[in-house]
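The chain contents come next:
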Amino acid sequence: MLLQVLGTAAGGGLPQWNCACPGCAGARTHPHRRRRHASLALRADEGRWYLVNATPDIGDQIEDSHALRPGPGPRESPVAGVILTDAELDHTLGIARLREADGFDVLATRPVRDALLGPLRLGEVLAPYTRIEWRELSREAEVLVKGGTVEIDAVPVSAKRPRYAVGTGTDEPTWVVALRLRETSTGRSLLYAPALAGWTDDFQDAVEQADFVILDGTFWDDDEPVRTGISARTATGMGHLPIAGPNGTARRLAGLGARCLYTHLNNTNPLVDPDAPQHTLLGEWGLEAAADRMVIEL
Ligand code: MLT
Ligand code: MN
Ligand code: ZN
């Protein structure tokens, strides 16, 4: 199985256009610190790729990756579709940028699809431009990506709705899922969970079964959003378990056999500074921050 990390930042990216926080300022001064919105590319088959989440950076993310560039035909793209972990704007706005395609697949759970077709009206808006084939992701039926050998399984994470969809749908735990991507020929798997509001038994099982884990690293500690003045809510209150501290994810991951990386870093997270002492701590726990453009071969 072959994957490319296309971005590792939370909503807003690094730097965020309207933000002068130390993390964003540092990324303006040191361009190698820049991070695009969190996304992955998954190779389904030779010359056929799926994007995991469609971010506002999708055009640049495709252009920057040799494997995702079009050709040899004038309008021939290796991008076959998008697999969604949730309906948040930073993970879905990029779908509208794919409108030049003849058509593409969107794999999503039912609440996520309903949010995109309902309050976001993506179906109506895009129908005159392109043909979207919606395919349902669920826990019960693993979905095989078209033309490939990778099976996708959606592990329910939480019923957290995006702000534009608050009050819609029902309280199903598949508003946000972790994706288990498993190559059928080798059985090797990667677990991708860029938004993790809670650590369920189901999720613990999925983590134990994975060969590689990429996890929500939005905030370093629970108090970070309040301390930095970006929110009145804690990390947990915003639907993101922090990395460090008593309810942090690091202590659950440390000692696991799998390689574990953090992604979806917010611009307030000290890890956006490569010289921050928190990187040393992470290393001592056997963990690390993911980097844009990483290639993962499993
Ligand atoms: C999140 O990751 O919690 C969301 O993207 C935040 C938001 O943009 O509302
Ligand atoms: Mn987000
Ligand atoms: Zn900032």
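Definitions and limits used
Residues numbered from 1 in each chain as written. Chains lettered and ligands numbered in written order. Predicted model: local features only at pLDDT ≥ 70, side-chain atom pairs only at ≥ 80, totals over all residues. Heavy atoms only, no water. Pairing = 2+ DSSP bridges. Helix = DSSP H or I, 4+ residues; strand = E, 2+ residues; numbered from the N terminus. Contact = heavy atoms within 4.5 Å. Axes fitted to C-alpha atoms, helices over the stretch in contact; angles between N-to-C directions. Donors = N, O, S within 2.8 Å, 3.2 Å for Na, K, Ca; no water. Buried < 20%, exposed > 50% of the residue type's maximum accessible area, 1.4 Å probe, protein only.

Draft legend 1. Main features of the sheet that holds strand β9 (residues 176-183). As summarised here, the arrangement of the 7 strands in space is β7-β8-β9-β10-β11-β12-β13, forming an open sheet in which the pairing is mixed. The strands lining the two open edges of the sheet, one partner per strand, are β7 (143-144) and β13 (288-289). With 4 bridges connecting them, strand β10 (residues 189-193) and strand β11 (residues 212-216) associate as parallel partners. In the sheet register, A193 faces β11, and the bridge partner there is L215. Against the sheet, helix α6 (residues 201-209) contacts β8 (150-158), β9, β10 and β11, and its axis sits at roughly 140 degrees relative to β10.

Draft legend 2. Structural view of the sheet that holds strand β6 (residues 131-136). As summarised here, the arrangement of the 7 strands in space is β6-β5-β4-β3-β2-β1-β14, forming an open sheet in which the pairing is mixed. Edge positions in the sheet fall to β6 and β14 (295-297), since each has one partner strand and no second. Neighbour-to-neighbour, the strand axes of this sheet turn through a mean angle of 25 degrees, independent of strand direction. Judged from the 4 bridges that link them, strand β1 (residues 2-7) and strand β2 (residues 39-45) form a sheet pairing that is antiparallel. Counted as the bridge partner of G7 is S39 from β2. Taken strand by strand, helix α4 (residues 110-117) contacts β5 (103-108) and β6, and its axis lies near 155 degrees from that of β6.

Draft legend 3. How the structure looks around the coordination of the zinc ion (ligand 3). The zinc ion (ligand 3) binds to the protein through C19 (SG), C21 (SG) and C24 (SG); the donor distances cover 2.2 to 2.3 Å. Sequence spacing among the residues donating to the zinc ion (ligand 3) works out to C-x1-C-x2-C. Take C21 and C24: they sit in the same class, and that class is buried.

Draft legend 4. Looking closely at the pairing of β1. Within β1, 6 of the 6 residues are buried, which leaves it mostly tucked inside the rest of the structure. Across 3 bridges, β1 lies against β14 in antiparallel orientation. Bridged to L2 within β14 is E297.

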